[in-house]
Amino acid sequence: MGFFVFVIIPLLVIIAIIMIRNSIVRHHNSTIRAWSDVASYERQKLKILDGLQPLVEQYSSFEKGTLEKVTELRQNIMSLNIQDADIAQLQRVENLNKELMRSLNAVIENYPELKANDIYLKMMNEIEEQNENVGAAITIYNRNVELFNNQIQIFPHNIINNMFLRKKAVRPFRDQTVTQNFDYRPNFH
């Protein structure tokens, strides 16, 4: 009985601590990977924007603002930090992307020959596909953030985290524009 109390129980406690610590690390790494996926999809837009820019320049007499929006979006995507989740920067990128899409749709209406341009249509489809990929990646990122935050906030994981890792909760991405235009506000308090 003494062997059980002095050896087996402490050994089980040590194993439990190791398993909890590893679980927190695993969830943290999943969150980092999910953020990298969001940033990677945003960066893939750069390739499309690089091809779209010369095409828009051909029609630049119509609207200089669209070209400026392409350039601003490119710069903001390039400044998106892959290593560190900058939710505010991602919010700026998503807002600029929405403005650009509105601008490009207005351009099509003013220049019907652009609408018939196969290259332009292909690029618009690619941008839309990338936007869908970013949306899916953000959903996955937010899910990983939730799982990680749960890991460091529930008992006894919070104790292990505070003793060994000291990881902080990660902020999920929320589309402020959509939230502001949505009438329902849940009471989470």
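Residues numbered from 1 in each chain as written. Predicted model: local features only at pLDDT ≥ 70, side-chain atom pairs only at ≥ 80, totals over all residues. Heavy atoms only, no water.

Under an unreviewed UniProt entry, the name given to the chain is LemA family protein, and the source organism is Acinetobacter variabilis. Here is the UniProt Subcellular location (unreviewed entry) comment for the chain, exactly as written: "Membrane". (UniProt positions renumbered as here; feature names shortened; annotations may be inferred.)

Novice: Explanation requested: the overall build of the chain in the structure shown.
Specialist: Counting its secondary structure elements, the chain contains seven helices and zero strands. In the chain, the order of α-helices and β-strands from amino to carboxyl end is α-α-α-α-α-α-α. When the 189 residues of the chain are sorted by exposure, 37% land in the buried category. Long-range pairs, those at least 24 residues apart, make up 77% of the contacts in the chain with a sequence separation of at least 6. Approximately 11,800 Å² of the chain is accessible, and the part contributed by carbon and sulfur atoms is 56%. (Helix = DSSP H or I, 4+ residues; strand = E, 2+ residues; numbered from the N terminus. Buried < 20%, exposed > 50% of the residue type's maximum accessible area, 1.4 Å probe, protein only. Contact = heavy atoms within 4.5 Å. Areas by Shrake-Rupley, 256 points an atom, 1.4 Å probe, with all protein chains shown as cover.)

Novice: Please explain the environment of Asn97 as it appears in this structure.
Specialist: Mapped onto the secondary structure, Asn97 falls in helix 3 (residues 87-110). For Asn97, a relative accessible area of 4% corresponds to the buried category. Considered as a pair, Asn97 and Asn131 are 34 residues apart in the sequence and their alpha carbons are 8.6 Å apart. If we ignore the near neighbours within four places in the chain, the residues touching Asn97 are Lys45, Leu73, Ile127 and Asn131.

Novice: Explain the side chain of Glu94 here, please?
Specialist: Structurally, the position occupied by Glu94 is in helix 3. The buried category is assigned to Glu94, whose relative accessible area is 12%. The residues touching Glu94, leaving out its near neighbours within four places in the chain, are Glu42, Lys45, Val134 and Phe173.

Novice: Help me understand the side chain of Thr31 in this model?
Specialist: Relative to the helices and strands, Thr31 is located in helix 1 (residues 2-58). Judged by its relative accessible area of 4%, Thr31 falls in the buried class. Engagement of the side chain of Thr31 in a polar contact is seen with the backbone oxygen of His27, the distance being 3.0 Å. Within the structure, the side chain of Thr31 is placed 3.1 Å from the backbone oxygen of Asn144, a separation counted as a polar contact. When neighbours within four sequence positions are excluded, Thr31 is seen to be in contact with Tyr141, Asn144, Val145, Phe148 and Val170. (Polar contact = N/O pair within 3.5 Å; in protein donor to acceptor, adjacent residues only side chain to side chain.)

Novice: Would you explain unusual backbone geometry in this entry?
Specialist: Negative phi characterises most residues that are not glycine, and trans characterises most peptide bonds. Backbone torsion omega between Phe155 and Pro156 reads 0 degrees, so that peptide bond is classified as cis. Within the element layout of this structure, Pro156 appears in the loop between helix 5 (118-153) and helix 6 (157-165).

Novice: Can you walk me through the pattern of salt bridges in this structure?
Specialist: For side chains of opposite charge, pairing can occur when their charged atoms come near one another. As enumerated under the stated definition, the model contains three salt bridges in all. With its nearest N and O atoms 3.1 Å apart, the salt bridge here joins Glu42 to Lys45. Linking Glu42 with Lys45, this pair stays in helix 1, spanning three residues, or about one helical turn. Taken as a pair, Glu42 and Lys45 share a single burial class, namely buried. Judged by relative accessible area, which is 1%, Lys45 ranks as buried. (Salt bridge = Lys/Arg side-chain N within 4 Å of Asp/Glu carboxyl O.)

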